[in-house]
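Examination of the molecular architecture
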Amino acid sequence: MSNNQDNTRPTWRKLSSKVIFKHPRISLIEDQVELPNGHKTSYLHFGGTGSGVTIIAINADNKILVEEEYSYPPNKWIYQFPGGGVPETEDIAEGANRELMEECNLRGGKLTHIGKFLYDNRRSAAHVHIFVARDLQPKSLDGDLEEDIKINWFTEAEIDGLIATGEIENVMTLAAWTLYKHSKLV
């Protein structure tokens, strides 16, 4: 299997960069780039490398925590695993536990990193790291005021069923579940 890391392939050359919009939750950067064929164009992206986390929390009964969270842009409740952004100054595993405490009032006594994926490779170099949390303990932190979350506990078969019927459609949940199902932890 190839890892697609052929360093002899031509890449784009950044000519200039400017911030178009900056907000605590998102930035928009416009780069002027030269493509390998010599064509010059502008390219919009979110900037930074950043990191995020998604946590598959498993309780003592081997049930998995799946949130239902209201999502404003699609205007509906979405099934998802807990998670969120991790500042560059925070350890990625500590960020995973912080998100779990903010969203679910739980802390993982044992966290296992099972992989990562690019979140939106056309507009960002950010990765989302996937953790499995076990030995869950009650612990909470103040959450995000914009988050409205209901907690569910499902078996693996129930999660597979929600995916098969299209009820789980969140890309981070689908990617995390794929990594989980192919990890040595299943």
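Throughout what follows, the structure given in this document is the object of discussion. Within any chain, residue numbers begin from 1 and follow the written order of that chain's sequence. Reporting of local features is limited, given that this is a predicted model, to residues whose pLDDT is at least 70; pairs of side-chain atoms are given and counted only at 80 or more, and all residues count toward the totals for whole chains, interfaces and linings. Note that water and hydrogens are dropped before the side-chain values are worked out from all heavy atoms of the structure.

**Section: the pairing of strand E2 (residues 26-34)**
Stated precisely, the cut-off is as follows: One requirement defines pairing of two strands: DSSP has to find at least two bridges between them. A run of DSSP states H or I qualifies as a helix once it reaches four residues; a run of E qualifies as a strand once it reaches two. Both are numbered from the N-terminal end.
As defined by bridge partners, strand E1 (residues 13-23) adjoins E2 across nine bridges and the pair is classed as antiparallel. Looking at the pairing, Lys18 lines up with Glu30 of E2. Here six bridges tie E2 to strand E3 (residues 40-45), and the two strands are oriented antiparallel to one another. Its bridge partner being in E3, Gln32 is matched across the sheet by Ser42. As consecutive antiparallel partners, E2 and E3 are separated by five residues, and within that stretch Gly38 has a phi angle of approximately 95°, a positive value.

**Looking at the sheet that holds strand E6 (residues 76-80)**
Operational definition: An axis is simply a line fitted to the C-alpha atoms; with a helix, the fit covers only the stretch in contact. Between two such axes, the angle follows the N-to-C directions and lies from 0 to 180 degrees.
One open sheet holds the three strands; their spatial order is E6-E5-E10, and the pairing between them is antiparallel. Both outer strands of the open sheet, E6 and strand E10 (149-154), are each paired with one neighbouring strand and no more. Taking each pair of neighbouring strands and ignoring which way they run, the sheet shows an average axis angle of 25°. For strand E5 (residues 64-71) and E10, the ladder comprises six bridges, and the chain directions are antiparallel.

**Overview of helix H3 (residues 171-181)**
The line we're drawing: Under the scheme applied here, a residue whose accessible area is under 20% of the maximum for its type counts as buried, over 50% as exposed, and between as partly exposed, the area being computed with a 1.4 Å probe on protein chains only. Throughout, the arc means that of the directions going from the helix axis to the C-beta atoms. The contact rule is simple, with two residues in contact once any of their heavy atoms fall within 4.5 Å. The definition of a polar contact used here is a pair of N or O atoms within 3.5 Å, where within protein one atom must be able to donate a hydrogen and the other to accept one, and adjacent residues in sequence count solely through side-chain atom pairs.
When H3 is considered as a whole, its buried residues turn out to be Thr173, Ala176, Trp177 and Tyr180. The buried residues of H3 occupy one face: seen down the axis, they fall within an arc of 100°. Buried residues in H3 make contact with strand E4 (51-57), E5, E6, strand E8 (106-118), strand E9 (127-138) and helix H2 (156-164). Regarding H3, its N-cap is Asn170, as a side-chain oxygen of that residue lies 2.9 Å from the backbone nitrogen of Met172 further along.

**A closer look at the pattern of salt bridges**
As a reminder of what qualifies: Salt bridges, as used here, are contacts in which a Lys or Arg side-chain nitrogen is within 4 Å of a carboxyl oxygen on Asp or Glu.
Within the structure shown, the criterion is met by eight salt bridges. Where Glu169 meets Lys76, a salt bridge forms, and the shortest distance between an N and an O atom there is 2.5 Å. Taken as a pair, Glu169 in the loop between H2 and H3 and Lys76 in strand E6 lie far apart in primary sequence, 93 residues in all. The class for Lys76 is partly exposed, based on a relative accessible area of 36%. With its nearest N and O atoms 3.1 Å apart, the salt bridge here joins Lys181 to Asp160.

**Focus on the packing of aromatic side chains**
Heads up, the condition is: Aromatic pairs are defined between Phe, Tyr and Trp rings, using the six-membered ring for Trp, whenever the two ring centres lie within 6.5 Å; interplanar angles under 30 degrees are classed as stacked, those over 60 as edge-to-face, and all others as tilted.
Going through the model one piece at a time under the given rule, you end up with five aromatic pairs. Measuring from ring centre to ring centre gives 6.1 Å for Tyr70 and Trp77, while their planes differ by 65°; the resulting arrangement is edge-to-face. The exposure class of Tyr70 is partly exposed, given its relative accessible area of 29%. The class for Trp77 is partly exposed, based on a relative accessible area of 45%. Ring pairs connect the aromatic residues Phe81, Trp177 and Tyr180, which therefore count as one cluster.

Function-wise, these values are silent; they only describe arrangement.
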